[in-house]
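# Architecture at a glance
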Amino acid sequence: MSDFVQKQVERREHLLKFSQGILQGKDGKRLLKKYGESIQNITPHDMIFMEEQQLKMGISATQIKEKIEKVMNVIYEPLRNYKWDKPAEDHALSHFMQENEQLKLILQKMKKNLQKKNLEELNQNLNKLLQIEKHFLRKENILFPYLERVWQNCRPLAVMWSLDDDIRMKLKWLKKLLKKKQDFDSDLYKEIGELFFLMYGMIFKENLVVFPVAMETLSESHWKKIAAQSKEIGYSFIDPPEIHISLEKPENRKKVNLTDFNCETGRLSNMQIESIFNNLPIDITFIDANDEVKYFSNPKDRFFPRSPAIIGRKVQNCHPPESVHMVQKILNSFKTGEKNEASFHIQLKGKFVQIRYFALRKNDKYIGTLEVSQDVTDIRKLNGEKRLLDWD
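Structure report, in brief.

Positionally, Asp164 belongs in helix H9 (residues 156-180). Given the relative accessible area of 0%, Asp164 is considered buried. In this structure the side chain of Asp164 is engaged in a polar contact, spanning 3.0 Å, whose partner is the side chain of Lys139. Beyond its immediate sequence surroundings of up to four residues, Asp164 is in contact with Phe136, Lys139, Glu140 and Met202.

Here you go:
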């Protein structure tokens, strides 16, 4: 074993033991005295590896989030001093980093709002923070799928997604709280303090852990695809960058037979099939028997974000850790034949959306799951009749 590899193994082992000790509530000073010298040379790659091991050991994302800041505080300097090639200004990763810089500026303005007790400006800046959703969506639905393809240790990404959801819930709660408040009080200070803690923690983990490892592991081709797919979702706090990238040159596309689909009920060309699916007033996603996303339709008005990056992605990775167990429960019930359908409905952006899952079978063999989402707001209001001859 080379000296470099031996030091890496020792460093990671000590980091894991230190982190486990913190999770178990052991004395931080003693742990630091025992392992501090070794972990002063920690790298972002080591941090990803350590968190992967914790998750494999059965430690939940919630448990990790509760104590991770104590660990991060100890290794802040080594991570900050880690040398890596920063992306160019027009690079897809740079857009994420620019958003984080703008986010910090908004948080600084909010701190001044607190000092001056300016409730109106605080509310305005909180509204600006809501733009963070586009940052989250690009990260979770475009960046993460590509990282999952190349990282051996990709489970920590689920912890990051869980942190994003914590921020989402905190922003939603603060928005409701500010509508009721006429002045500052201890409750408001507490909630905003928790929001700052979550957001600065997110920036820290992205800038010092996820982004350096992403830059060193993804190829130029990956980044071009990420940039091209980011345009549809949009950006947080920054002007949309000019992106002149084609995911696939027309001359490189495979020629397809104009009658690709033939069955006893008809014949359709590839173009016709795509047009039919994309014009149905529903979102469709197909997951195969191996739980991999194989297809999604592209309607004009989409309920949930989708990008080509998720094709081939395990559906379990398309959900935050808090809800994965329910996804798995539905899939298991479909595979065993216990259930054939699952239905849910939610309020989303002023719409009443029904989400249904259907088990697909061929000769009684499970071949996958179809997810169908539909806006049923107007359908719920229907009464009486409207016949074909009544159309105008």
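Now for empty space enclosed by the protein. Following the criterion strictly, the structure yields 1 cavity of 30 Å³ or more and no others. What the largest cavity holds in volume is close to 140 Å³. Along its surface, the largest cavity is lined by 13 residues, and Glu51, Met160, Lys205, Val209 and Val210 are the ones closest to its centre. Those elements that place two or more of their residues in the lining of the largest cavity are helix H3 (44-56), helix H4 (61-74), H9 and helix H10 (186-217). Element by element, the count of residues in the lining of the largest cavity is highest for H9, at 4 residues. Of the residues belonging to the lining of the largest cavity, the class tally is 11 nonpolar, no polar and 2 charged.

Let us now look at the sheet that holds strand E6 (residues 351-362). The pairing of strands in a sheet happens through backbone hydrogen bonds and is either parallel or antiparallel. Sheet architecture is open: 5 strands sit in the order E4-E3-E7-E6-E5, paired in antiparallel fashion. Two strands in the sheet have a free side with no partner beyond their single neighbour: strand E4 (293-296) and strand E5 (341-348). In this sheet, neighbouring strand axes are inclined to one another by 20° on average, regardless of whether the strands run parallel or antiparallel. As defined by bridge partners, E5 adjoins E6 across 8 bridges and the pair is classed as antiparallel. By the bridge assignment, Ile346 is partnered in E6 with Val353. Along the sheet, helix H13 (residues 321-336) contacts E5, E6 and strand E7 (365-375); its crossing angle with E7, the most-contacted strand, is approximately 135°.

Within the structure shown, the criterion is met by 30 salt bridges. Connected via shared salt-bridge partners are Glu133, Glu140, Asp165 and Arg168.

Where E5 folds back on E6, the antiparallel hairpin that results is connected by 2 residues, among which Lys349 adopts a positive phi of roughly 50°. Where E6 meets E7, 10 bridges bridge the pair, whose relative direction is antiparallel. Bridging from a neighbouring strand, Ala359 pairs with Thr369 of E7. Linking two consecutive strands that pair antiparallel, namely E6 and E7, is a turn of 2 residues; a positive phi of about 55° is found at Asn363 within it.

With that settled, consider a nonpolar patch on the surface. On the surface, Phe4, Val5 and Val9 cluster together into a nonpolar patch covering about 270 Å² of accessible area. Of note, Val9 is situated in helix H1 (residues 3-23). On the accessibility criterion, Val9 (40% relative accessible area) is partly exposed.

Our next topic: the layout of surface pockets. The space that makes up the largest pocket amounts to roughly 1800 Å³. Lining the largest pocket are 43 residues, with Glu133, Leu137, Phe304, Pro305 and Leu348 positioned closest to its centre. Considered class by class, the residues forming the lining of the largest pocket number 25 nonpolar, 7 polar and 11 charged.

Ring pairs (aromatic) are described by centroid distance and by the angle formed between their planes. Within the structure shown, the criterion is met by 6 aromatic pairs. Aromatic pair Tyr76 and Phe204: ring centres 5.3 Å apart, planes at 65°, arrangement edge-to-face. Of the two residues, Tyr76 sits in helix H5 (residues 76-80) while Phe204 sits in helix H10, which places them 128 residues apart along the sequence. Using a relative accessible area of 35% as the deciding quantity, one classes Tyr76 as partly exposed. Stacked on the ring of Phe96, the Lys or Arg Arg138 has its end atom at 4.3 Å from the ring centre. Just above the ring of Phe352 sits the side chain of Arg380; from NZ or CZ to the centre is 3.7 Å.

Within the sequence span of helix H7 (residues 119-129), burial applies to Leu119, Leu122, Asn125, Leu126 and Leu129. Mapping the buried residues of H7 onto a view down its axis gives an arc of 120°, with all of them on the same face. The N-cap of H7, judged by a side-chain oxygen 3.3 Å from the amide nitrogen of Glu120 a few residues on, is Asn118.

We now examine a positive patch on the surface. Taken together, the side chains of Lys109, Lys112, Lys116 and Lys128 make up a positively charged region of the molecular surface. Ranked by the residues each element gives to the positive patch, the list is headed by helix H6 (residues 92-116), at 3 residues. Within the secondary structure, Lys128 sits in helix H7.

Notably, Asp291 is not glycine yet its phi reads approximately 70°, a positive angle. Tracing the sequence through the fold places Asp291 in the loop between strand E3 (282-288) and E4. We note that Lys349 has phi near 50°; this positive angle belongs to a residue other than glycine. Here Lys349 shows up in the loop between E5 and E6.

Thresholds applied
Residues numbered from 1 in each chain as written. Predicted model: local features only at pLDDT ≥ 70, side-chain atom pairs only at ≥ 80, totals over all residues. Heavy atoms only, no water. Helix = DSSP H or I, 4+ residues; strand = E, 2+ residues; numbered from the N terminus. Buried < 20%, exposed > 50% of the residue type's maximum accessible area, 1.4 Å probe, protein only. Polar contact = N/O pair within 3.5 Å; in protein donor to acceptor, adjacent residues only side chain to side chain. Contact = heavy atoms within 4.5 Å. 1 Å grid on protein atoms, 1.4 Å probe; cavity = no way out; pocket = protein on both sides within 12 Å on 5 of 7 lines; lining within 4 Å. Points joined across faces, edges and corners; volume = space filled by probe spheres on them. Nonpolar A, V, L, I, M, F, W, Y, C, P; charged D, E, K, R; others polar. Pairing = 2+ DSSP bridges. Axes fitted to C-alpha atoms, helices over the stretch in contact; angles between N-to-C directions. Salt bridge = Lys/Arg side-chain N within 4 Å of Asp/Glu carboxyl O. Patch = residues over 30% accessible without salt bridge, like charges linked within 9 Å, V, L, I, M, F, W, Y side chains within 5 Å. Areas by Shrake-Rupley, 256 points an atom, 1.4 Å probe, with all protein chains shown as cover. Phe/Tyr/Trp six-rings, centres within 6.5 Å; stacked < 30°, edge-to-face > 60°. Lys NZ or Arg CZ within 6 Å of the ring centre and 35° of its normal. Arc of directions from axis to C-beta. Lys, Arg positive; Asp, Glu negative; His and termini not counted. Charge placed at Lys NZ, Arg CZ, Asp CG, Glu CD.

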